[in-house]
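Remarks on the overall topology
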Amino acid sequence: MDVKIRLSSKRLNSGRCQVHFHVRTKTGDSRWYGYTLAEPQDTVSEVVDRIRNRFSRAEDKISLHQKVLYHLNEHYRETDDLMIFREA
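What this report covers is the structure whose coordinates are included nearby.

So, how was this worked out
Residues numbered from 1 in each chain as written. Predicted model: local features only at pLDDT ≥ 70, side-chain atom pairs only at ≥ 80, totals over all residues. Heavy atoms only, no water. Pairing = 2+ DSSP bridges. Helix = DSSP H or I, 4+ residues; strand = E, 2+ residues; numbered from the N terminus. Core = buried A, V, L, I, M, F, W, Y, C linked by side-chain atoms within 4.5 Å. Buried < 20%, exposed > 50% of the residue type's maximum accessible area, 1.4 Å probe, protein only. Contact = heavy atoms within 4.5 Å. Polar contact = N/O pair within 3.5 Å; in protein donor to acceptor, adjacent residues only side chain to side chain. Axes fitted to C-alpha atoms, helices over the stretch in contact; angles between N-to-C directions.

Quick notes on the pairing of strand β2 (residues 17-25)
- Pairing of strand β1 (residues 3-11) with β2 involves nine bridges; the strand directions are antiparallel. From the neighbouring strand, Ser-9 faces β2, where its bridge partner is Val-19.
- Where β1 folds back on β2, the antiparallel hairpin that results is connected by five residues, among which Gly-15 adopts a positive phi of roughly 100°.
- Strand direction decides the pairing type here: β2 and strand β3 (residues 31-38), joined by eight bridges, are antiparallel. Counted as the bridge partner of Gln-18 is Leu-37 from β3.

Notes on the nonpolar core
- Grouped together as the largest cluster of nonpolar side chains are twelve residues: Val-3, Cys-17, Val-19, Phe-21, Val-23, Trp-32, Ala-38, Val-47, Ile-51, Phe-55, Leu-82 and Ile-84.
- Those elements that provide at least two residues to this core are β2, β3, α1 (44-59) and β4 (82-86).
- If one sorts the elements of this core by residue count, β2 sits on top with four residues.
- Not counting residues up to four positions away in its chain, the partners in contact with Ile-51 are Ile-5, Leu-7, Phe-21, Val-23 and Leu-82.

Description of the environment of Arg-6
- Within the secondary structure, Arg-6 is located in strand β1.
- For Arg-6, a relative accessible area of 54% corresponds to the exposed category.
- On a C-alpha basis, the gap between Arg-6 and Tyr-33 in space is 9.3 Å, while along the polypeptide they are 27 residues apart.
- Filtering out sequence-adjacent residues up to four positions away, Arg-6 remains in contact with His-20, Phe-21 and His-22.

Focus: the side chain of His-20
- Here His-20 shows up in strand β2.
- A polar contact is formed between the side chain of His-20 and the side chain of Tyr-35, at a distance of 3.3 Å.
- Sequence-distant contacts of His-20, defined by excluding residues within four places in its chain, comprise Arg-6, Leu-7, Ser-8, Tyr-33, Gly-34 and Tyr-35.

So, the sheet that holds β1
- With respect to topology, four strands assemble into an open sheet ordered β1-β2-β3-β4, the strand pairing being antiparallel. At either end of the open sheet lies a strand with only one pairing partner, and these are β1 and β4. Averaged over all adjacent pairs, the angle separating strand axes in this sheet is 20°, with direction ignored.

As C-alpha cells, then:
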C-alpha cells in the first residue's frame, strides 16, 4: 500500500517517545491516525518502516484494528505496538 506518513513525537518521563502519526493513502481515499512507542535507540526510519509494514499487511487482508488493547501478561508485546484509528 502506497502511503504518506506524517509524524510528531514527545519524550516521556520513561525516556521512550510517544509517536503520533497520520497516514494517508496516495489516492487520498483513506486517512488514518495512531500512536506508537519508540525506544530511545530507535531511528525515525525504523519507526516509519514499522508503520509502513503494518499498512502493507493490511493490504494483505490483515485488519488494521487492534486485536488486544491490554494484555495481563507483562512480558507480552505486540511486534509493532501500534494503535490505529480511521479518521472520520
